[in-house]
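For reference, the chains in residue letters:
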Amino acid sequence: MDLGASTGIDMEEQMVILDIGIDYTKVGLSKDSTPRQILKTPLSISSIIRLKDEIGPLTLVDIMKESKKVKHEIHEFLYEVFIIHCLLKTKGSKICILEQLIFPRSFMQSLAEVLYLEFEFSKVYFFLADLLPLYTTGLDSGIMVDCGFLHTSVTPVVQTIFTIKGKKHSYFGGAALEQDLKAQMKLENPGNEKYITNTLIKDVICKVLKTLSRKQFDAFFATEESIEKMKQKKYPLSEMSRRYEALSMSYHTIAGTMECFFDQGGTDQYINIAHMVLDCLLELEESDRTLAAQNIIPSGGLFMIPGMHRRLLGELQYSVENIDKYKGLIGLKDKFRVENSIYPANILAWVGASLLSCLNEEVDMFLISKGEFEKDCKGILPDRFGHCFLTCSRNMEIPEDPPVEEGKEQLEDIKFKVPETKRPENYFNIQFEEMNKKRKELLYSSATPYSTRAINRSKGFVFPR
Ligand SMILES: Nc1ncnc2c1ncn2[C@@H]1O[C@H](COP(=O)(O)OP(=O)(O)OP(=O)(O)O)[C@@H](O)[C@H]1O
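Keep in mind that what you see is a predicted model, and the values were worked out from it rather than measured.

Scored by pLDDT, the chain comes out at a mean of 82, with 79% of its residues at no less than 70. Averaged over each element, pLDDT in the chain is lowest for helix α17 (residues 410-414) (43) and highest for strand β12 (residues 296-299) (97). This stretch, residues 1-6, has a pLDDT under 50; its non-local contacts, to residues over four places away or in other chains, come to ten contacts. Counting interchain partners and residues more than four positions distant, the pLDDT-below-50 stretch residues 389-399 has 41 contacts. Here the predicted complex carries an ipTM of 0.97, next to a pTM of 0.83.

Here is the structure:
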């Protein structure tokens, strides 16, 4: 049955955009401004990671090696996503996959086999998720700070060029936060440990946790006395659900748990996101630093926790003023700008992909067609990280690789310069922006006493399908 046709979705025009996160999967159609569905990723990888005491670069690879059923799980899950949730036609359609640099090759190979061979997509585009939030800002330089489930990463792009030396990465993210919070809550609720389930922890992260501002942190954590006071102040969790009647949380846990992302240097266990950004800036050319610092883009689910944006900015300003290592960046103190996008942080990469997918033919540089996969590549997914993935730009002629001088580090060559005469144009598709604006106007206008249709008619506007 042609499901795409029956739902009125023109699969010739639009493509499916799929962001498989370790914790949450976002799926929708290109040119939309939000995903149609955000689903819990049911793959066993996610549950195995939750049981690990320590997460490192090889964790995902090892899990993939041990697990024989990943491909089968991906197939079942995607069947549910495409056919049951989104009612999409897959055969002969186009799909865009958001791929993270840290995804193991074996995972991508299994995913590709399922998409090309089982669902028979004719065109699969591979976008680099680490770079996509930049597209939502309309600028060609910035630092993407992704705080996801498995990891936290910082990715700099200056005038469309991704500098791999500036990329910072840590396997500390939502998974580690869950473990910390669970241990803390068990300590605070002796005798009621059985109620502290994964569901409760997820609820608490999304509904209760908050992040202190730098000023609040200085005040609350100044003395042992004030820390003790925070510990004594208890909040019952019965308001969240009757199931949690027996449980309570201290203010210290509510406001202090997120401090593990802004560690003040006491331990190796935690990270400081602001320091990762500053380390990244130190790796950039001096002339590029201001451009990057003016557009810091937080993304990933953990930036949905209230106060995270404000704290990141506060922590950046505090660190350049007070920490010797970063004092060289003091000139940037008033230039830091942490982007507070109109799109929620957890879908920012997805929205970036939706924008990028509007780039008509230019987007074909990210494409591997079914024919190529089956015939040219003999069923093996080829390298997808050529130049086009690193530049994320439009209409740019790719300069040839400079010759590698003997004894010179290969890494240096990765940052090639775009000739002045061939500066890439902005990647925004004006049509998308216009449609998006009109859609938003319509959305808000439906909340007024006038009908949406009347407002449309008065503006002579026909809703774009
Ligand atoms: N609305 C929210 N409010 C608060 N926290 C959230 C929210 N949504 C997600 N989170 C937290 O952020 C974490 C990461 O969410 P995200 O959507 O980035 O997951 P993901 O894309 O699967 O991660 P990864 O990029 O590592 O694959 C979740 O594990 C959850 O703890």
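Once the structure has been displayed, the description carries forward.
A word on unusual backbone geometry. We note that Glu120 has phi near 55°; this positive angle belongs to a residue other than glycine. A relative accessible area of 32% means that Glu120 is categorised as partly exposed.

Time to look at the environment of Glu283. With respect to the helices and strands, the residue Glu283 is situated in helix α11 (residues 273-283). Expressed as a C-alpha distance, the spacing of Glu283 and Pro344, which sit 61 residues apart in the sequence, is 29 Å. If we skip the residues at most four places from it in the chain, Glu283 touches Lys165, Gly166 and Lys168.

We now examine the packing of helix α6 (residues 174-188) against helix α7 (residues 198-207). Interhelical geometry of α6 versus α7 gives an angle of 105° and a closest axis separation of 10 Å. Classed by the angle they form, the pair α6 and α7 counts as roughly perpendicular. Contact residues: α6 offers Leu177, Glu178, Leu181, Lys182 and Met185, while α7 offers Asn198, Leu200, Ile201, Lys202, Val204 and Ile205. Residues belonging to the contact of α6 with α7 are distributed by class as follows: seven nonpolar, one polar and three charged.

Moving on to the layout of surface pockets. Approximately 680 Å³ is the volume found for the largest pocket. Contributing to the lining of the largest pocket are 37 residues, with Lys26, Cys147, Gly148, Gly300 and Gly301 lying nearest its centre. At the level of elements, β2 (24-29), β6 (142-147), α6, α7 and α14 (348-356) are the ones that each hand at least two residues to the lining of the largest pocket. Split into classes, the residues belonging to the lining of the largest pocket amount to 20 nonpolar, ten polar and seven charged. Viewed by domain, the lining of the largest pocket spans two of them, domain 1 (3-134 + 346-414) and domain 2 (174-261), each represented by three or more residues. Its volume calculated, the second largest pocket comes out at about 410 Å³. Taken together, 18 residues line the second largest pocket, and the ones lying closest to its centre are Gly256, Thr257, Glu259, Cys260 and Tyr270. Element by element, the count of residues in the lining of the second largest pocket is highest for α6, at five residues. Along the lines of polarity and charge, the residues of the lining of the second largest pocket split into seven nonpolar, eight polar and three charged.

This part takes up the site of the ligand. The local shell around the ligand holds 18 residues, among which Ile22, Asp23, Tyr24, Lys26 and Gly301 are the closest. Interatomic distance of 3.0 Å between a backbone N/O atom of Leu150 and an oxygen atom of the ligand. Interatomic distance of 3.2 Å between a backbone N/O atom of Leu302 and an oxygen atom of the ligand. Look at the ligand: alone it shows 640 Å² of surface, and the protein chains cover 92% of it. Elements with a contribution of two residues or more to the shell around the ligand: β2 and α7. When grouped by side-chain class, the residues that make up the shell around the ligand number nine nonpolar, six polar and three charged. Residue contributions to the shell around the ligand reach at least three from each of two domains, namely domain 1 (3-134 + 346-414) and domain 2 (174-261).

Scoring rules and cut-offs
- Residues numbered from 1 in each chain as written.
- Predicted model: local features only at pLDDT ≥ 70, side-chain atom pairs only at ≥ 80, totals over all residues.
- Heavy atoms only, no water.
- pLDDT = per-residue confidence, 0-100.
- Helix = DSSP H or I, 4+ residues; strand = E, 2+ residues; numbered from the N terminus.
- Contact = heavy atoms within 4.5 Å.
- Buried < 20%, exposed > 50% of the residue type's maximum accessible area, 1.4 Å probe, protein only.
- Axes fitted to C-alpha atoms, helices over the stretch in contact; angles between N-to-C directions.
- Parallel < 35°, antiparallel > 145°, perpendicular 65-115°, else oblique.
- Nonpolar A, V, L, I, M, F, W, Y, C, P; charged D, E, K, R; others polar.
- 1 Å grid on protein atoms, 1.4 Å probe; cavity = no way out; pocket = protein on both sides within 12 Å on 5 of 7 lines; lining within 4 Å.
- Points joined across faces, edges and corners; volume = space filled by probe spheres on them.
- Domains from an automatic or database assignment.
- Near = heavy atom within 4 Å.
- Polar contact = N/O pair within 3.5 Å; in protein donor to acceptor, adjacent residues only side chain to side chain.
- Areas by Shrake-Rupley, 256 points an atom, 1.4 Å probe, with all protein chains shown as cover.

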